[in-house]
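Descriptive structure summary
Each chain, letter by letter, is given below.
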Amino acid sequence: MSIMSSIFSSINYIFNLPEHIIEPIGWLPDFLKDALVDSLNLVPFLFIMFVFIEWIEIYFIKKRHLFVFFMKKIGPLFGSLFASIPQCGFSVIASTLYSRRILSRGTLLSVYLATSDEAIPILISEPSKAYIVLPILLIKIFVAIIVGYLVDLIFTYKANDPKPLQKAEEPVEEDGCCHHNLAENSPVKDLWFHPLKHTFNIFIFILIVSIGLGYVLSVAGTEEVLAKYCLIDSPLQPIIASLIGLIPNCAISVMLTLLYLKHTISFGSLIAGLSSSGGLGLLILLTRNNDKKDTAIIVAILIVASSLVGLIIQHDILHINFMFKFLGITL
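One structure accompanies this document, and this report is about it. This one's a predicted model, so the numbers in the text were calculated from it and none came from an experiment.

Turning to the overall build of the protein, a few remarks are in order. Of regular secondary structure, the protein possesses 16 helices and zero strands. Evaluated residue by residue, the protein yields a buried proportion of 49% over its 331 residues. When contacts within the protein are restricted to residue pairs at least 6 apart in sequence, long-range pairs at least 24 apart make up 77% of them. Accessible surface, the protein: about 16,200 Å² in total, of which carbon and sulfur atoms supply 70%.

Dropping the structure here:
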């Protein structure tokens, strides 16, 4: 028992090491100390998550011919399920394929709406909020499937038959935050170097946002006052969040998640922002899709769908809170 106690004490000390190092620094303001401690505490959890995500990414990129096949056959359903896995590549692949008219418009939208980006690893890294991951995934997948099939039904858009993918002519684009080429085949490097680089980048994003929030909170006084400035409970907040989510950078999903953890935006606004956040896939669509009117329609549908689902959840119009209470989850 004493050995186990020593092990747990050592682990606890390691995880609290940032606090032990930073708290004694007297000249640092409290909000900066809190931001540094909170950000550093997430690093080991984020690295473990990104190693796992990297393994998933490498596996599915090698199977991308199957990805194209199933996306063609059962588009929105398959696209939403795969896009819900936190990773860098699916929205990029989907945008590239859509620009060649291999995927339908509804399938592309289902991928964008279901993409969770960095929100899931950050929430899992926060034990007190990890339970919220399940409703986020379920809601986003459900919305992505409904919107995807509705769009394909209304616009009666048919994808082209895909040509066989040749490795030499089918490079997969880099992601947004690490300039990581998904088509490279260097498993040892990818499984360790890219997660380290990704963890460092996300740590910097979290630190910057945490410092900014901490400073604003120190001026505002309390989280409740800050939440009022951020239009908490206002119907404008989910709409604004959906517009912010369009910015093609994983720092946006980091910011939205941290705002939610600080009780500054509602759960509905978090869903709205994460639903419109298609990552670098949106940038690929803007640059690769020659039909600018089509691109404008896709972005407009994305904003409307994300804003509506955010408002529905925020005002509990469909009694979603009651549904999740059966699972012991309070939104």
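After that view, the rundown keeps rolling.
Turning to helix 11 (residues 236-244), its buried residues number three or more, namely Gln 237, Pro 238, Ala 241 and Ser 242. Across the axial projection of helix 11, the buried residues extend over an arc of 135°, all falling on one side. Residues of helix 11 that are buried in the fold lie against helix 12 (250-261), helix 13 (267-276) and helix 15 (292-314).

Residues Ile 136, Ile 139, Ile 206, Phe 267 and Leu 270 are the most contacted members of the largest nonpolar core, which totals 62 residues. Here this core gets eight residues from one element, more than from any other, and that element is helix 12. Ignoring anything within four residues of it in the chain, the contact list for Ile 136 reads Ile 120, Leu 123, Phe 267, Leu 270, Ile 271 and Leu 274.

Moving on, we come to a negative patch on the surface. A surface patch of like charges, here negative, comprises Glu 23, Asp 30, Asp 34 and Asp 38. Mapped onto the elements, Glu 23 comes out in the loop between helix 2 (17-22) and helix 3 (30-62).

With that settled, consider the packing of helix 8 (residues 133-155) against helix 13. At a minimum axis distance of 11 Å, the contact between helix 8 and helix 13 shows a crossing angle of 55°. What the angle tells us is that helix 8 and helix 13 run oblique. Crossing handedness for the pair helix 8 and helix 13: right-handed. Where helix 8 abuts helix 13, its residues Pro 135, Ile 136, Ile 139 and Lys 140 lie against Phe 267, Leu 270, Ile 271, Leu 274 and Ser 275. By residue class, the composition of the contact of helix 8 with helix 13 is seven nonpolar, one polar and one charged.

Unusually for a residue other than glycine, His 263 sits at a positive phi of about 60°. For His 263, the location among the structural elements is in the loop between helix 12 and helix 13. For His 263, a relative accessible area of 46% puts it in the partly exposed group. If you check the backbone angles, Asp 316 has positive phi at about 50° while not being a glycine. For Asp 316, the location among the structural elements is in the loop between helix 15 and helix 16 (320-325). Judged by relative accessible area, which is 22%, Asp 316 ranks as partly exposed.

This next bit is on the pattern of salt bridges. Oppositely charged side chains can form a pair if their charged atoms are brought close together. Following the criterion strictly, the structure yields one salt bridge and no others. Among the ionic pairs, Arg 105 bridges to Asp 294, the shortest N-O distance being 2.5 Å. Taken together, the residues span a long stretch of sequence, with Arg 105 in helix 6 (residues 105-114) and Asp 294 in helix 15 at a distance of 189 residues.

Next up on the list: the side chain of Ser 306. Structurally, the position occupied by Ser 306 is in helix 15. Here the side chain of Ser 306 touches Leu 302 through a polar contact of 2.7 Å, landing on its backbone oxygen. If sequence neighbours within four positions are ignored, Ser 306 has contacts with Leu 113, Ser 242, Ala 272, Ser 275 and Ser 276.

What counts as what
Residues numbered from 1 in each chain as written. Predicted model: local features only at pLDDT ≥ 70, side-chain atom pairs only at ≥ 80, totals over all residues. Heavy atoms only, no water. Helix = DSSP H or I, 4+ residues; strand = E, 2+ residues; numbered from the N terminus. Buried < 20%, exposed > 50% of the residue type's maximum accessible area, 1.4 Å probe, protein only. Contact = heavy atoms within 4.5 Å. Areas by Shrake-Rupley, 256 points an atom, 1.4 Å probe, with all protein chains shown as cover. Arc of directions from axis to C-beta. Core = buried A, V, L, I, M, F, W, Y, C linked by side-chain atoms within 4.5 Å. Patch = residues over 30% accessible without salt bridge, like charges linked within 9 Å, V, L, I, M, F, W, Y side chains within 5 Å. Salt bridge = Lys/Arg side-chain N within 4 Å of Asp/Glu carboxyl O. Lys, Arg positive; Asp, Glu negative; His and termini not counted. Charge placed at Lys NZ, Arg CZ, Asp CG, Glu CD. Axes fitted to C-alpha atoms, helices over the stretch in contact; angles between N-to-C directions. Parallel < 35°, antiparallel > 145°, perpendicular 65-115°, else oblique. Left-handed = near helix turned anticlockwise from the far one by under 90°. Nonpolar A, V, L, I, M, F, W, Y, C, P; charged D, E, K, R; others polar. Polar contact = N/O pair within 3.5 Å; in protein donor to acceptor, adjacent residues only side chain to side chain.

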